[in-house]
There are 2 protein chains.
Amino acid sequence: MKILFAGAGAMGARFGWMLSQSGNEVVFADNWKEHVDAINEQGLKIIVDKKDLGNYKIKATSPKAVEGSFDVIFVFTKAMQLDQMMQDILHVIHPKTRIICLLNGLGNVEVIEKYIPKSQIFLGVTVWSSGLGGPGVVDATGSGAIELQQMDKTDDPFNADMLDTFNRAGLGAVYSDDVLQSVWHKVGLNCVLNSYCTLIDCNIAQFGDYKDSEVLVDYVVDEVVAVGHAEGVNVLKDVIVSKIHAVYDPTKAGLHYPSLYQDMAKHRLTEIDYLNGAIARLGKKHGISTPACDLITHMIHAKESVVGAK
Amino acid sequence: MKILFAGAGAMGARFGWMLSQSGNEVVFADNWKEHVDAINEQGLKIIVDKKDLGNYKIKATSPKAVEGSFDVIFVFTKAMQLDQMMQDILHVIHPKTRIICLLNGLGNVEVIEKYIPKSQIFLGVTVWSSGLGGPGVVDATGSGAIELQQMDKTDDPFNADMLDTFNRAGLGAVYSDDVLQSVWHKVGLNCVLNSYCTLIDCNIAQFGDYKDSEVLVDYVVDEVVAVGHAEGVNVLKDVIVSKIHAVYDPTKAGLHYPSLYQDMAKHRLTEIDYLNGAIARLGKKHGISTPACDLITHMIHAKESVVGAK
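The structure presented is a predicted model; accordingly, all values stated were derived computationally and were not measured.

On to the nonpolar core, then. Phe74(A), Phe207(A), Phe74(B) and Phe207(B) are the most contacted members of the largest nonpolar core, which has 211 residues in total. Those residues in contact with Phe74(B) that lie beyond four places of it in its chain are Ile3(B), Leu4(B), Phe5(B), Ala6(B), Phe15(B), Leu19(B), Ile100(B), Leu102(B) and Phe166(B).

Here it is as structure tokens:
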């Protein structure tokens, strides 16, 4: 298949390499010029579990300069860059192109469906993770899985082919009947850990070590669950809380600083409006009070303003 | 008069020096040994508005070692050290000793009245400020005023003498009929600026510069006002908000980092339980929801736990 990565950062580059290795025609589109140049000049260097797997020739370019048309496009931007990315790649989307969106947070489908019908959008969640070791270098650990759902279900046989393609590449993809539930469960976890770790200035294990962390967890998760139910999603508090507890372990993700923390540390704008900010916004729409998410959103924005985040 | 300073840090040492200069017999009681030793060995060095006014011989000792009995005792500890200080100096309090409490936060009178009747307690607020330039060195700027009220009013002529004594020392003291209102107004300001500046990691002017700082201000002040009213105190939102706006100015206190921020930076336990924590506790007592103050209190405690504050 012809597959475009609209955003070829840590996750996009890792997935793109995997799909390229299993015989697909992969193109990377990214706005980070040094990264694009490094991939074109030296090939994409792949390090997995600290093992250097070599450099791989994969075509890279800027989003506006992409040519041709694609069967599948993975969007892998920050949530707030998604709209601009959709505009930049609109010229390579045809009526059968599938857009795969595995981004964190709420509201991404609403952005994509401004440009293409929902039958072309596959929303998903993934537990894959990845990192970059500089321009042109993927430095990743572990493996993962993907859960996907077509936003307007069709019987097109392409859907099964696409899943096969993903799985031949080792992505561990499955179709889901309620991916929104999974998205909201991940949102619940991120609304807690991303936000609190950034404001308290700690890693995940340190947050879990605070004796009353459950009080802080409850404030946010209760709002996520109430707003999720108002949106018609079967959000389960127990599932979110269990997921949060599972990552406290310092031998697992506990020593990790969440992505929002890292963005703030690098003085970048954060995805808070797609996490706690989205809960506050949707809460308002449904007349549900969300003081915790609203307060947290404003404190994060204030912090962005103080560090001059861009 | 014989005046004890139970706690002779920045504020206590400055006031003690002023009262000593105007002819009173002043004793400092403090648990910081280096500070006490420096005062006894070199005298208390006074720097005001960057001008070195010399060194002054004033007796200093530890609280438990204080001897004699005192007409007036200023308590100048951190709120969480007040109870222990009262126990340590109980042996020098006689039935006519007046205790002056100008500490920030709520709940201090409740601590003092465990040991002496309310007629001996004068609660106050002050706009004086001060600093220490190391052990035995007061490094202060500006001047101030004090507002005081006897917690159980008596007609004892000593009260007028005491006020005269304070004013001969230049303290600018006045008696108030509703000092609780002033205390709560100052609490409102501190619940906003101390807490948010610590969590957002900014000074007062930077907080004020955040475009939606009013949203954050409102969350906290609305809770302070509601709980204050339930406690029977005539707390006025406009007054608190005006006080907050007045200190945003970078040419005034704007570039200052609030005391709670400074305690956290020095890995000391903070006074949060006497500010937002007290609002949350009193809110619970009256059945008033205080999510903002409760959330903030827990985030500050989590931060204390992360930095290992003592």
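Here the focus is unusual backbone geometry. Residues and elements named next belong to chain A. If you check the backbone angles, Asp49 has positive phi at about 50° while not being a glycine. Counting through the fold element by element, Asp49 comes out in the loop between strand 3 (44–48) and strand 4 (51–56). Although it is not a glycine, Lys50 adopts a positive phi angle of roughly 65°. Counting through the fold element by element, Lys50 comes out in the loop between strand 3 and strand 4. Residue classification places Lys50 among the exposed residues on the basis of a relative accessible area of 80%.

At the interface, 23 residues of chain B touch 23 residues of chain A. At the boundary of chain B with chain A, the tally comes to zero salt bridges. In this assembly, chain B and chain A are joined by six residue pairs in polar contact (both at pLDDT 80 or more). The set of elements that each furnish at least two residues to the side of chain B that touches chain A consists of helix 6 (179–200), helix 8 (213–230) and helix 12 (291–307) of chain B. Its residues assigned to classes, the side of chain B that touches chain A shows 15 nonpolar, four polar and four charged.

This brings us to the pairing of strand 8 (residues 121–126) of chain B. Residues and elements named next belong to chain B. Most of strand 8 sits out of view: six of its six residues are buried. What you see with strand 8 is no split at all: Ile121, Leu123 and Val125 on one side and Phe122, Gly124 and Thr126 on the other are buried throughout. In the sheet, strand 7 (residues 98–101) pairs with strand 8 via three bridges, with the strands oriented parallel. Note that in strand 8 the partner of Ile99 across the bridge is Ile121.

With that settled, consider the packing of aromatic side chains. Applying the stated criterion across every chain yields a total of 26 aromatic pairs over all chains. Both rings, one in Phe122(A) and one in Tyr175(A), keep their centres 6.1 Å apart while their planes meet at 40°; by these two values the pair is tilted. Of this pair, Phe122(A) sits in strand 8 (residues 121–126) while Tyr175(A) sits in strand 11 (residues 173–175), placing them 53 residues apart in sequence. Here Tyr175(A) falls in the partly exposed class, since its relative accessible area comes to 33%. Ring geometry for Phe74(B) versus Phe166(B): centroids 5.2 Å apart, planes at 50°, classification tilted.

Residues and elements named next belong to chain A. The domain architecture assigned to chain A consists of domain 1 (2–177) and domain 2 (180–307). Each of domain 1 and domain 2 has a C-alpha centre, and these two points are 25 Å apart. At the boundary of domain 1 with domain 2, total buried surface from both sides reaches about 1,400 Å², with 59% on carbon and sulfur atoms. Counting the surface domain 1 buries against domain 2, the share from its top three residues, Met80, Asn104 and Leu106, is 47%. Remark: the boundary between domain 1 and domain 2 carries one salt bridge. Remark: the boundary between domain 1 and domain 2 carries six residue pairs in polar contact (both at pLDDT 80 or more). The set of elements that each furnish at least two residues to the side of domain 1 that touches domain 2 consists of strand 8 and strand 10 (146–150). For the side of domain 1 that touches domain 2, the leading source of residues is strand 8, giving four residues.

Glancing now at the packing of helix 12 (residues 291–307) of chain A against helix 12 of chain B. One way to put it is that helix 12 of chain A packs onto helix 12 of chain B with a least axis distance of 9 Å and a crossing angle of 60°. It follows that helix 12 of chain A is oblique to helix 12 of chain B by the angle criterion. Crossing handedness for the pair helix 12 of chain A and helix 12 of chain B: right-handed. Facing Pro291(A), Ala292(A), Leu295(A), Ile296(A) and Met299(A) of helix 12 of chain A, the residues of helix 12 of chain B in contact are Pro291(B), Ala292(B), Leu295(B), Ile296(B) and Met299(B). Here the residues of the contact of helix 12 of chain A with helix 12 of chain B are counted per class, giving 10 nonpolar, no polar and no charged.

The next thing to look at is the sheet that holds strand 7 of chain B. All names here are of chain B. As summarised here, the arrangement of the eight strands in space is 5-2-1-6-7-8-10-11, forming an open sheet in which the pairing is mixed. If you trace the sheet from one side to the other, it starts and ends with strand 5 (59–61) and strand 11 (173–175), each paired once. Averaged over all pairs of adjacent strands, the angle between their axes in this sheet comes to 25°, without regard to strand direction. Sheet analysis places strand 1 (residues 2–6) next to strand 2 (residues 25–29), joined by five bridges and oriented parallel. Paired with Leu4 across the bridge in strand 2 is Val27. In the packing of helix 1 (residues 10–21) onto the sheet, the strands contacted are strand 1, strand 2, strand 6 (72–75), strand 8 and strand 10 (146–150), and the crossing angle to strand 2 comes to about 165°. Along the sheet, helix 2 (residues 33–42) makes contact with strand 2 and strand 5, crossing strand 5 at roughly 155°.

Let us look at the sheet that holds strand 4 of chain A. Residue and element names in this part refer to chain A. Spatial ordering of the open sheet is given by 4-3-9, a layout of three strands whose pairing is mixed. Since the sheet does not close on itself, it has two edges, and those belong to strand 4 and strand 9 (137–140), each with one partner. Between one strand axis and the next, the sheet turns through 15° on average, direction left out of account. Sitting on the sheet, helix 1 (residues 10–21) is in contact with strand 3, strand 4 and strand 9, with an inclination near 100° to strand 3.

What follows is about the relation of the copies chain B and chain A. Taken as rigid bodies, chain B and chain A are interconverted by a rotation of 180° and an axial shift of 0.0 Å, the fit giving an RMSD of 0.0 Å. The relationship between the two copies is best expressed as a two-fold rotation axis. Closest approach to the rotation axis among the C-alpha atoms of chain B is made by Leu199(B), whose C-alpha sits 2.8 Å away. Comparing contact sets, 100% of the residues at the interface of chain B also lie at the interface in chain A, consistent with an isologous, same-surface contact.

Residue and element names in this part refer to chain B. Where helix 6 contacts helix 11 (residues 276–286), the axes come no closer than 9 Å and their chain directions differ by 115°. Only Asn276, Ile279 and Leu282 of helix 11 make contact with helix 6, whose side of the interface consists of Trp184, Val187, Cys191 and Ser195. Partitioned by chemical class, the residues of the contact of helix 6 with helix 11 number five nonpolar, two polar and no charged.

Residue and element names in this part refer to chain A. A large share of strand 10 lies buried, amounting to four of its five residues. In this sheet, strand 10 lies alongside strand 8 in antiparallel orientation, the contact comprising five bridges. Looking at strand 10, one finds that Leu123 is bridged to Gln149. Examined bridge by bridge, strand 10 and strand 11 share three bridges and lie parallel to one another. Bridged to Leu148 within strand 11 is Tyr175. In terms of handedness, the path from strand 10 via helix 5 (residues 158–168) over to strand 11 forms a crossover that is right-handed.

All names here are of chain B. One pass over the structure, following the stated rule, counts 22 salt bridges over all chains. Note that Asp156 is salt-bridged to Lys96, the shortest N-O span being 3.6 Å. Of this pair, Asp156 sits in the loop between strand 10 and helix 5 (158–168) while Lys96 sits in the loop between helix 3 (82–89) and strand 7; the two residues are 60 residues apart in sequence, bridging distant segments of the chain. Overall, Asp156 belongs to the partly exposed group, its relative accessible area being 22%.

Cut-offs used in this document
Position numbers for residues count from 1 along each chain, tracking the sequence in the order it is written. Whichever chain is written first becomes A and whichever ligand is written first becomes 1, with later ones labelled in order. Residue-level local features of this predicted model are given only where pLDDT is at least 70; pairs of side-chain atoms are given and counted only at 80 or more, and the full residue set underlies all totals for whole chains, interfaces and linings. Side-chain calculation: all heavy atoms of the structure are included, whereas hydrogens and water are not. We call a set of buried residues a nonpolar core when its members are Ala, Val, Leu, Ile, Met, Phe, Trp, Tyr or Cys and they connect through side-chain atoms within 4.5 Å of each other. Burial classification: accessible surface area is computed with a 1.4 Å probe over protein chains only, and a residue below 20% of its type maximum counts as buried, one above 50% as exposed, and the rest as partly exposed. The contact criterion used throughout is that any non-hydrogen atoms of two residues lie within 4.5 Å. Numbering of helices and strands runs from the N terminus, with a helix taken as a DSSP run of H or I at least four residues long and a strand as a DSSP run of E at least two residues long. Between Lys or Arg on one side and Asp or Glu on the other, a salt bridge is scored when a side-chain nitrogen of the former is within 4 Å of a carboxyl oxygen of the latter. N or O atoms closer than or at 3.5 Å make up a polar contact, with two conditions inside protein: a donor-capable atom paired with an acceptor-capable one, and, for residues adjacent in sequence, both atoms drawn from side chains. Under this grouping Gly is polar, as are all residues other than the nonpolar Ala, Val, Leu, Ile, Met, Phe, Trp, Tyr, Cys and Pro and the charged Asp, Glu, Lys and Arg. Should DSSP find at least two bridges between two strands, the strands are regarded as paired. Here is the rule: rings of Phe, Tyr and Trp (six-membered ring for Trp) pair when centre to centre is within 6.5 Å. Planes less than 30 degrees apart are stacked, more than 60 are edge-to-face, and the remainder are tilted. All the domain ranges listed were derived from an automatic or database domain assignment. In short, buried area is how much 1.4 Å probe accessible area vanishes from two parts on joining, totalled over both. Axis angles are defined between N-to-C directions and span 0 to 180 degrees, where every axis is a line fitted to C-alpha atoms and, for a helix, only to the segment in contact. Here the angle decides the label: under 35 degrees means roughly parallel, over 145 means roughly antiparallel, 65 to 115 means roughly perpendicular, and every other value means oblique. Less than a right angle of anticlockwise turn of the near helix away from the far helix marks a crossing as left-handed, whereas a clockwise turn marks it as right-handed. Here the copies are superposed with least squares, the fitted atoms being C-alpha atoms of residues at a pLDDT of at least 70 in both. Look down the strands so they point away from you; if going from the first strand over the helix to the second traces a clockwise path, that crossover is right-handed.

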